[in-house]
Protein chains: 2
Amino acid sequence: MFTNLEHLGLAVHDLEAATALYTTLLGQGPYKKEHVASEAVDTVFFQVGGSKIELLAGTSPDSAITKYLSKKPEGIHHVAFEVNDIRAEMQRLRAAGFTLLNEEPKRGADNKLVCFVHPKSAVGVLVELCQSIPPTDHE
Amino acid sequence: MFTNLEHLGLAVHDLEAATALYTTLLGQGPYKKEHVASEAVDTVFFQVGGSKIELLAGTSPDSAITKYLSKKPEGIHHVAFEVNDIRAEMQRLRAAGFTLLNEEPKRGADNKLVCFVHPKSAVGVLVELCQSIPPTDHE
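Just so we're clear, the structure is a prediction, and the values are computed from it rather than from any experiment.

Colleague: Pulling in residues and values, what's your account of the environment of Lys-32 of chain B?
Modeller: Residues and elements named next belong to chain B. For Lys-32, the location among the structural elements is in strand β2 (residues 32-36). Spatially, the C-alpha atom of Lys-32 lies 7.4 Å from that of Phe-46, the residues being 14 residues apart in sequence. Among residues more than four places away in sequence, those in contact with Lys-32 are Thr-43, Val-44, Phe-45 and Asp-110. Side-chain polar atoms of Lys-32 contact the side chain of Glu-34, separated by 3.4 Å. Here Asp-110 takes part through its side chain, which lies 2.4 Å from a polar atom of the side chain of Lys-32.

What follows is the structure, encoded as structure tokens:
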């Protein structure tokens, strides 16, 4: 089940400038900065109600965000929905004909298991499914 | 104050096909369809947790959505934040140097007062502020 619009991911060139701008826009500062080594991104999170705004900047030429911004302008990169059972949702969507970008859920930012759905499957929107990792699963 | 990521607006060519696709993706059907004559758009709303997904299709060549889709691919058109005092937020953002696309709040879909912030002001994201119209203000 899709339970929440968990976050909106924005690809930006200059993380510091974008953080200052969104601090002004939203009227509050970020609650977290996190480097995700596996994705080669620096992230900054703002909380708005039950959802988050995630600013993303690539930290290497191989980063998906760096590659994205070499072809497209800054802006919304993906929308993430919280699900209560990511493997069940992946199986359901695969059976319904959606193209998933991950065979298995992978570790994402903010202590989540994540999987991406190809934008061609979702009217041009890169959709992320995410499920919080229960504390007992922490390494 | 920004209190919620109220909805995400998606510009689509074929509202019926996009509605069927998002019904499958989200695992549930829409809760509302609404024609907004003032904007020349047909809209379909899905609820996910405390946020909504709004599919938007233009109903005339003059519609902002039709014009948008003549230049850009289908996908995320805008992100809307619920605010508790839209006029105060507009004044605050104008004073902070943001470019607003409306001088005054206007009536939008879903019984809201809305105002848009220029994407150039917000790292490429078309931001909507919206405030629910209290029942006593209904016409």
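Alright, that's what it looks like, and here's the rest.
Colleague: How would you explain the sheet that holds strand β2 (residues 32-36) of chain A if you had to name every residue and give the values?
Modeller: Residue and element names in this part refer to chain A. Here we have eight strands laid out as an open sheet, ordered β2-β3-β4-β1-β5-β8-β7-β6, and mixed in their pairing. Here the strands that pair on one side only, and so sit at the sheet edges, are β2 and β6 (106-108). Across the sheet, the mean angle separating the axes of adjacent strands is 35° when strand polarity is ignored.

Colleague: Account for the UniProt feature "domain: VOC" (unreviewed entry) in chain A, with residues named and values stated.
Modeller: Under the UniProt annotation, the feature "domain: VOC" (unreviewed entry) is placed at residues 4-132 of chain A. Helix makes up 23% of residues 4-132 of chain A and strand 41%, whereas the separation of the span's terminal C-alpha atoms amounts to 12 Å.

Colleague: Give me the pattern of salt bridges: which residues, what numbers.
Modeller: Residues and elements named next belong to chain A. Summed over all chains, the structure comprises 18 salt bridges over all chains. Ionic pairing is found between Glu-34 and Lys-32, a salt bridge with its closest N-O pair at 3.3 Å. According to the relative accessible area criterion, Glu-34 is partly exposed, its value standing at 23%. Sharing partners across several salt bridges, the network here consists of Glu-6, Lys-32, Glu-34, Lys-52, Glu-82, Asp-110 and Lys-112.

Colleague: So, the sheet that holds strand β3 (residues 41-48) of chain B: which residues are in play, and what are the values?
Modeller: All names here are of chain B. As summarised here, the arrangement of the eight strands in space is β2-β3-β4-β1-β5-β8-β7-β6, forming an open sheet in which the pairing is mixed. The sheet terminates laterally at β2 and β6 (106-108), the two strands that pair on one side only. Between one strand axis and the next, the sheet turns by 35° as a mean value, whatever way the strands run. In this structure, strand β5 (residues 75-83) lies alongside strand β8 (residues 127-132), joined through four bridges in parallel fashion. By the bridge assignment, Glu-82 is partnered in β8 with Cys-130. Against the sheet, helix α1 (residues 15-26) contacts β1 (2-11), β3 and β4 (51-58), and its axis sits at roughly 5° relative to β3.

Colleague: How would you explain the environment of His-77 of chain A if you had to name every residue and give the values?
Modeller: Locating His-77 of chain A in the fold gives a position in strand β5 (residues 75-83). When the C-alpha atoms of His-77 of chain A and Leu-56 of chain A are compared, they prove to be 8.8 Å apart, with 21 residues separating the residues in sequence.

Colleague: Help me get a handle on α1 of chain B, residues and values and all.
Modeller: In an α-helix, one turn spans 3.6 residues; hence positions three or four apart end up facing the same way. Residues and elements named next belong to chain B. The terminal C-alpha atoms of α1, which comprises twelve residues, lie 16 Å apart, in line with the 16 Å expected from a rise of 1.5 Å per residue. Within α1, the full set of buried residues consists of Leu-15, Ala-18, Thr-19, Tyr-22, Leu-25 and Leu-26. All buried residues of α1 lie within an arc of 130° about the axis, which places them on one face of the element. The N-cap residue of α1 is Asp-14: its side-chain oxygen and the backbone nitrogen of Glu-16 are 3.1 Å apart. Where α1 terminates, the next one or two residues include Gly-27, which has phi positive at roughly 75°.

Quick notes on the rules
Residues numbered from 1 in each chain as written. Chains lettered and ligands numbered in written order. Predicted model: local features only at pLDDT ≥ 70, side-chain atom pairs only at ≥ 80, totals over all residues. Heavy atoms only, no water. Helix = DSSP H or I, 4+ residues; strand = E, 2+ residues; numbered from the N terminus. Contact = heavy atoms within 4.5 Å. Polar contact = N/O pair within 3.5 Å; in protein donor to acceptor, adjacent residues only side chain to side chain. Pairing = 2+ DSSP bridges. Axes fitted to C-alpha atoms, helices over the stretch in contact; angles between N-to-C directions. UniProt positions renumbered as here; feature names shortened; annotations may be inferred. Salt bridge = Lys/Arg side-chain N within 4 Å of Asp/Glu carboxyl O. Buried < 20%, exposed > 50% of the residue type's maximum accessible area, 1.4 Å probe, protein only. Expected span 1.5 Å × (residues − 1). Arc of directions from axis to C-beta.

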